[in-house]
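Tertiary structure, described
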Amino acid sequence: MYRFLLTPRWWGINLFVVLAIPFCVFMGTWQLGRFEDRVHTHEAAEKQPAPGTRAARPLDELLPVDTETSGRPATATGRYADRFLVPGRELDDRKGFYVLDMLRTDSGKALPVVRGWLPGKPGQTRVPHAPSGRVTVTGDLQASENAGTAGVGATGGLPDGQVGMISAASLVNLVPYDVYDAWVTLPKSGVGGSEKAAGATGTPADTTGGAARSGATALRPVPAAAPEGGGLDLKAFQNLGYTGEWFVFAAFVVFMWFRLLRREAEAARDVQLGLVPEAETPGAEAAAPGEAEARSGA
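Residues numbered from 1 in each chain as written. Predicted model: local features only at pLDDT ≥ 70, side-chain atom pairs only at ≥ 80, totals over all residues. Heavy atoms only, no water.

**Examining the overall build of the chain**
Looking only at helices and strands, one finds five helices and seven strands in the chain. Counting from the amino terminus, the chain carries its helices and strands in the arrangement α-β-β-β-β-β-α-β-β-α-α-α. Burial status across the chain gives 34% buried among its 298 residues. Taking as baseline every contact in the chain between residues at least 6 positions apart, the subset at least 24 positions apart corresponds to 69%. For the chain, the exposed surface amounts to about 17400 Å²; the carbon and sulfur share of it is 58%. (Helix = DSSP H or I, 4+ residues; strand = E, 2+ residues; numbered from the N terminus. Buried < 20%, exposed > 50% of the residue type's maximum accessible area, 1.4 Å probe, protein only. Contact = heavy atoms within 4.5 Å. Areas by Shrake-Rupley, 256 points an atom, 1.4 Å probe, with all protein chains shown as cover.)

See the structure below:
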């Protein structure tokens, strides 16, 4: 009754099942492992003190930026050079822009420093000047942005002096020096804050009073963002959902194989018991034309 399993058609079906089930199980296990890794990372991060409360370290000691170093206070010394404005950024549900200054360090590379946020549109709001001379900044370390980063809008067609994304890949094309693949956001500004003069030639950052006297709006600090992939975010639960999907696919393959097997076995049994007219069987249909010719010849 099960001789049909040796037909070419069933050889193909069996080969597909043998390959599909291990593949689905492997993919489901891999997605489950990704979810478990995110859970372990989240649990480890909760046991650690908040990144912003940890002692500041030199920038080079915290690179490259990962889930462990993202948000850590980093220090760097140099002189401010080029300035860029980053439009389309929101703070407390208000639209505005970031003020991004490039800090040329002693190594020659520049560190993008977000000195703060201002309401309105670039060109319509006066921006406080960056400190002159040699300064040391302490800011929360952040990884370079990408197209999927929250808040990133259009990256092309912007006026000179504006960028849509804070990343080394975009900034290196706008300045004549190398750029760190990271940036920092200053948690506060003013004398004794995140920008301090380094040497006699340095002058401190504008205070709120200085900004008011110059007609510029005081900068508001930009909070550090949580590292991507560092906890139980939407992507983590997507991995869990994909895990279920792959195991469902594996179960569906097994179900369909048994369903086809049962249907073929029942059809073969019905033929043996004579419950199916011979003309309805594939063998009878193939033999019918020959028998008709024999009868006509007789």
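Alright, that's what it looks like, and here's the rest.
**Re the nonpolar core**
In this structure, Phe84, Tyr98, Leu100, Met102, Val114, Ile166 and Leu171 are the most contacted members of the largest nonpolar core, which totals 18 residues. Of all the elements in the fold, those that place two or more residues in this core are β2 (73–91), β3 (94–105), β4 (110–119) and α2 (168–171). Among the nonpolar cores identified, the runner-up in size contains 16 residues, and Leu62, Ala76, Val137 and Tyr180 belong to it. (Core = buried A, V, L, I, M, F, W, Y, C linked by side-chain atoms within 4.5 Å.)

**Looking at the packing of aromatic side chains**
The tally for this structure, following the rule as stated, stands at five aromatic pairs. When the centroid spacing of 6.1 Å and the interplanar angle of 55° are considered together, the rings of Phe35 and Phe237 count as tilted. Here Phe237 lies in helix α4 (residues 234–272) and Phe35 lies in helix α1 (residues 8–47), a separation of 202 residues in the sequence. Since its relative accessible area comes to 14%, Phe35 is described here as buried. On the accessibility criterion, Phe237 (46% relative accessible area) is partly exposed. The ring of Tyr177 has Arg104 sitting right over it, with the charged end atom 4.2 Å from the ring centre. In this structure, Arg115 packs its charged tip against the face of Tyr80, placed 6.0 Å from the ring centre. (Phe/Tyr/Trp six-rings, centres within 6.5 Å; stacked < 30°, edge-to-face > 60°. Lys NZ or Arg CZ within 6 Å of the ring centre and 35° of its normal.)

**Points about the pattern of salt bridges**
Here the structure, examined in full by the defined rule, presents eight salt bridges. The salt bridge partner of Arg57 is Glu61, with a shortest N-O separation of 2.6 Å. Of the charged contacts in the structure, one is a salt bridge between Glu266 and Arg262, with a shortest N-O distance of 3.1 Å. Taken together, the positions of Glu266 and Arg262, both in helix α4 and four residues apart, correspond to about one turn of that helix. The structure contains a network of salt bridges with shared partners spanning Arg83, Asp101 and Arg115. (Salt bridge = Lys/Arg side-chain N within 4 Å of Asp/Glu carboxyl O.)

**Regarding unusual backbone geometry**
In the segment running from Leu63 into Pro64, the intervening peptide bond is cis, with an omega of -5°. Considering the arrangement of structural elements, one finds Pro64 in the loop between β1 (57–58) and β2. Positive phi, close to 55°, is recorded for Asp92, a residue that is not glycine. Assessed through its relative accessible area of 54%, Asp92 is described here as exposed.

**Re the pairing of β4**
Most of β4 is tucked away: nine of the 10 residues are buried. Between the end of β3 and the start of β4, which pair antiparallel, lie four residues, with Gly108 showing a positive phi angle near 95°. Bridge count for β4 against strand β6 (residues 183–185) is two bridges, and the pairing is parallel. Residue pairing in the sheet places Val113 in a bridge with Val184 of β6. (Pairing = 2+ DSSP bridges.)

**Overview of α4**
Along its 39 residues, α4 runs 57 Å from first to last C-alpha, staying within 8% of the 57 Å computed at 1.5 Å per residue. Looking one or two residues beyond α4, the residue adopting positive phi is Gly274, at roughly 75°. (Expected span 1.5 Å × (residues − 1).)

**What about the side chain of Thr69?**
Within the secondary structure layout, Thr69 lies in the loop between β1 and β2. For Thr69, a relative accessible area of 9% corresponds to the buried category. Within polar-contact distance, the side chain of Thr69 engages the backbone oxygen of Leu62 at 3.3 Å. Apart from the residues lying within four places of it in its own chain, the contact partners of Thr69 are Leu62, Pro64 and Leu141. (Polar contact = N/O pair within 3.5 Å; in protein donor to acceptor, adjacent residues only side chain to side chain.)

**Some thoughts on a nonpolar patch on the surface**
On the surface, Leu15, Val18 and Leu19 cluster together into a nonpolar patch covering about 310 Å² of accessible area. Using a relative accessible area of 52% as the deciding quantity, one classes Leu15 as exposed. (Patch = residues over 30% accessible without salt bridge, like charges linked within 9 Å, V, L, I, M, F, W, Y side chains within 5 Å.)

**Notes on the confidence of the model for the chain**
In the predicted model, the chain carries a mean pLDDT of 81, and 77% of its residues have values of at least 70. Mean pLDDT across the elements of the chain ranges from a minimum in helix α3 (residues 208–213), with 44, to a maximum in β6, with 96. Confidence over residues 199–214 falls short of pLDDT 50; this stretch has 28 contacts with residues more than four positions distant or in other chains. Ignoring residues within four places in sequence, the model shows residues 294–298, a span with pLDDT below 50, making zero contacts including any to other chains. (pLDDT = per-residue confidence, 0-100.)

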